[in-house]
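Coordinate inspection notes
If you want the building blocks of each chain, they are given just below.
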Amino acid sequence: MGNSSGWRGPAGRRRLLFLFLLSLLSQALSQPIRYAIPQELDRGSLVGNLAKDLGFGVGDLPTRNLRVIAEKKFFTVSPENGDLFVSDHIDREEICGKKSTCVLEFEMVAEKPLNVFHVTVLIQDINDNPPTFSENITELEISELAITGATFAMESAQDPDVGVNSLQQYYLSPDPHFSLIQKENLDGSRYLELVLKAPLEREEQLHHHLVLTAVDVGEPSRSCTTQIRVIVADANDNPPVFTQDMYRVSVAENLPAGSFVLKVMATDLDEGVNAEIIYAYINIGKAVRQLFKLDSKMGELTTVGELDFEESDSYTIRVEAKDGGHHTTYCKVQIDISDENDNAPEITLTSESQHIQEDAELGTAIALIKTHDLDSGFNGEILCQLKGKFPFKIVQDTKNTYRLVTDGALDREQIPEYNVTITATDKGNPPLSSSKTITLHILDANDNVPVFHQASYTVHVAENNPPGASIAHVSASDPDLGPNGSATVSPSSGVGLDLGALPPRGDSGHRPAPRRSSRPATEGYFQPGLYSKTIPGALPNYSERTLLYSYNLCAASHSSNTEFKFLNIKAEDAVPQDLLCDEASWFESNDNPKMPSNSGNLQQVSFFKPFLP
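Everything in this summary refers to the structure shown in the same document. (Residues numbered from 1 in each chain as written. Predicted model: local features only at pLDDT ≥ 70, side-chain atom pairs only at ≥ 80, totals over all residues. Heavy atoms only, no water.)

Side note on the overall build of the chain
Along the backbone of the chain there are six helices and 37 strands. In the chain, which comprises 613 residues, the proportion classed as buried is 43%. Counted over contacts in the chain with a minimum sequence separation of 6, partners at least 24 positions apart contribute 67%. Total accessible area computed for the chain in this model is approximately 33000 Å², and 51% of it derives from carbon and sulfur atoms. (Helix = DSSP H or I, 4+ residues; strand = E, 2+ residues; numbered from the N terminus. Buried < 20%, exposed > 50% of the residue type's maximum accessible area, 1.4 Å probe, protein only. Contact = heavy atoms within 4.5 Å. Areas by Shrake-Rupley, 256 points an atom, 1.4 Å probe, with all protein chains shown as cover.)

Some remarks on the sheet that holds strand β31 (residues 433-443)
Read across the sheet, four strands follow the order β25-β31-β30-β27 without closing on themselves; strand pairing throughout is mixed. Looking at which strands have only one partner, the edges of the open sheet turn out to be β25 (355-357) and β27 (382-387). Adjacent strand axes in the sheet meet at a mean angle of 30° when their direction is disregarded. Of the pairings in the sheet, the one linking β25 to β31 comprises three bridges and is parallel in character. Bridge assignment links Q357 to a residue of β31, and that residue is L443. (Pairing = 2+ DSSP bridges. Axes fitted to C-alpha atoms, helices over the stretch in contact; angles between N-to-C directions.)

Quick word on the side chain of Q334
Relative to the helices and strands, Q334 is located in strand β23 (residues 328-338). Here the side chain of Q334 touches D336 through a polar contact of 3.4 Å, side chain to side chain. The contact partners of Q334, leaving out residues within four places of it in the chain, are L186, M246, Y247, R248, V249, S314, Y315 and T316. (Polar contact = N/O pair within 3.5 Å; in protein donor to acceptor, adjacent residues only side chain to side chain.)

Comments concerning the pairing of β31
Here strand β30 (residues 417-426) runs beside β31; their pairing, made up of nine bridges, is antiparallel. Counterpart to Y418 in the pairing with β31 is L440. Once β30 ends, the chain turns through six residues before running back antiparallel as β31.

Considerations on the state of the cysteines
Defined simply, a disulfide is a covalent bond joining two cysteines at their sulfur atoms. For the coordinates displayed, the defined rule picks out one disulfide. With its sulfur 2.0 Å from that of its partner, C96 forms a disulfide with C102. Sign of the S-S torsion, about 65° for the bond between C96 and C102, identifies this disulfide as right-handed. For C96, a relative accessible area of 12% puts it in the buried group. (Disulfide = S-S within 2.5 Å.)

Brief notes about a negative patch on the surface
Negative charge collects at one region of the surface, where E201, E203, E204 and D234 lie side by side. Within the secondary structure, D234 is located in the loop between β14 (223-233) and β15 (241-242). (Patch = residues over 30% accessible without salt bridge, like charges linked within 9 Å, V, L, I, M, F, W, Y side chains within 5 Å. Salt bridge = Lys/Arg side-chain N within 4 Å of Asp/Glu carboxyl O. Lys, Arg positive; Asp, Glu negative; His and termini not counted. Charge placed at Lys NZ, Arg CZ, Asp CG, Glu CD.)

Here we look at the pattern of salt bridges
Two side chains that carry opposite charge are able to pair once their charged atoms sit near each other. Within the structure shown, the criterion is met by twelve salt bridges. If you follow the salt bridges from partner to partner, you end up with K183, E193 and R318 in one network.

A look at the sheet that holds strand β2 (residues 46-49)
The strand order β2-β5-β4 describes an open sheet built from three strands, whose pairing is antiparallel. At either margin of the open sheet sits one strand with a lone partner, and together these are β2 and β4 (75-77). On average, each strand axis in the sheet is tilted by 20° relative to the strand beside it, whichever way the strands run. One ladder, built from three bridges, connects β4 with strand β5 (residues 83-86); its direction is antiparallel. Residue pairing for β5: T76 is matched across the bridge by F85.

Digging into the pairing of strand β13 (residues 207-216)
Counting buried positions along β13 gives seven out of ten residues, so the element sits mostly inside the fold. Strand direction decides the pairing type here: strand β10 (residues 167-172) and β13, joined by five bridges, are antiparallel. Paired with L172 across the bridge in β13 is L212. In this structure, β13 lies alongside β14, joined through nine bridges in antiparallel fashion. Counterpart to V211 in the pairing with β14 is Q227. Linking β13 to β14, which pair antiparallel, is a turn of six residues.

Notes on unusual backbone geometry
That bond from K112 to P113 is cis: its omega, 0°, falls within 30 degrees of zero. Of note, P113 is situated in the loop between β6 (103-110) and β7 (115-124). Between N429 and P430 the backbone carries a cis peptide bond, its omega angle lying at 0°. Tracing the backbone shows P430 in the loop between β30 and β31. Phi is positive for K112, which is not a glycine, with a value near 50°. When you line up the elements, K112 lands in the loop between β6 and β7. Since its relative accessible area comes to 62%, K112 is described here as exposed.

Some points on the packing of aromatic side chains
Going through the model one piece at a time under the given rule, you end up with eight aromatic pairs. Taken together, the ring pairs in this structure connect F242, Y247 and Y279 into an aromatic cluster. (Phe/Tyr/Trp six-rings, centres within 6.5 Å; stacked < 30°, edge-to-face > 60°.)

A short note on the environment of N429
Of note, N429 is situated in the loop between β30 and β31. The sequence separation of N429 and N379 amounts to 50 residues, and the corresponding C-alpha distance is 7.6 Å. With residues near it in sequence (within four places) discarded, N429 still touches N341 and N379.

Some words on the environment of L404
With respect to the element layout, L404 can be found in strand β29 (residues 401-406). Since its relative accessible area comes to 0%, L404 is described here as buried. Through-space distance from the C-alpha of L404 to that of T364 is 8.4 Å; in sequence the pair is 40 residues apart. What L404 contacts, discounting residues up to four positions off in sequence, is T364, A365, I366, A367, I369, L386, F392, K393, I394, V420, I438 and L440.

As structure tokens, then:
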């Protein structure tokens, strides 16, 4: 039984091994190339050898033309050795804020052939920011009737670093009346409460001075302090009480300034000044103050800045209610921001070339397309497509990268260029879209043969014409451009004619006819001259040639009308002899000359000379 599979034996096993390794390489290249670097690296710092990680050799780099495609280029690649370098200042806190993981993503493009590779760089946090308090001194009024165990909200320190480099611990200077506890919000942030450990006696001590220290555990450790001044206030029987411990609301982004968010409410059983309640923020950052306004008397929260889901999807706010007798109570406000489809997709086009050969193969890559939408969920999902019918299509490589490739035959003579419009549409309601147009110029290929304007030419020639007289005009055209459209017209070398090379299209030239030959009168020859002219309204590649003869023509006396047929045949098929009058096999007008079977496509020019007896 024969080896029909083709995979047995040493050669077959080698093919199997090659395909197996190729599949592994394809899978590897489909996965992102990953690096990790600390933030704040100097410009020019090495990230890694990208060419090696992509499997390129140093010799491949000049032709592959590796380059970074990103909205903001924090990295660049060396064209000499393929090393990836830091090209801009990388501040993790500025790029990713308080996100626990900070990743920069971008695409690497390689040409010839066009390939796209996804690269991710993990930005590792360094302890470059100390914790900070907004105030150096904080004053706190506490009633002398406050019971043991009562808690009082304190301002937390802020640290833009994350992980172990962020704020980890607080320390309170020793005091017999106070201690400190830490609690955690729903979003993971921490807040402080000062706890009363022992009753206060205003008559014994009117003020208490405390020092609060915030410390992170980064390397090196950083810290900050603030002073707390406790004022012991006169008696107030009842503290205010909020109607809810937690207020929660969801609002849409892009609310106009002044929009109502929610209202917090606290009550106090006291009367008069002791029942008057003032609302205030506790422990919030500058960003929240720029977005929300709290009415100190009514407890209403309204917007003062533009809410942007892409900036933050929620805010946790602590609100204090304080009565006229300096009793305080606290509640939390959780504001969730819902996403609106307010960002149209963005399209970035990177074209390897805006010129493409008209004989390009199907699937030839033309341009790289990258899309991006700041919205999330369905609002951020993008469909990329062509607007209109073209011999091109879009192929998706990764989630947000595509290639524009050929999907049909190109014909420059029919359509020399295309204005291709690429549209990216998200899945929001209503959907938003954006478009970009790329102009593709089709380069000429020599895919058209020259065409004579007549299949045959018949010419009557009177005897005794002077040398150099014009006896025939032949014309041909070629729709191709440049050298592809320059046609050469010449009679068959087998009949003793030689036009030589035609001048380029648009040029003109003339070859003078030679003198008469001293051959016997029984021989006849036509010697063509070169002549070209521009014909108004003719095709761009139209050429007209004038055939001139330079010898007297003799015909045999036994013929009253002799037809001379000059056949445009290949040089190798030509008959190596002169045309003599008595060689009837070439001059009989009623017989077809017998040409070799490989003579090809023939164009015929016939010349008739009337014979006078």
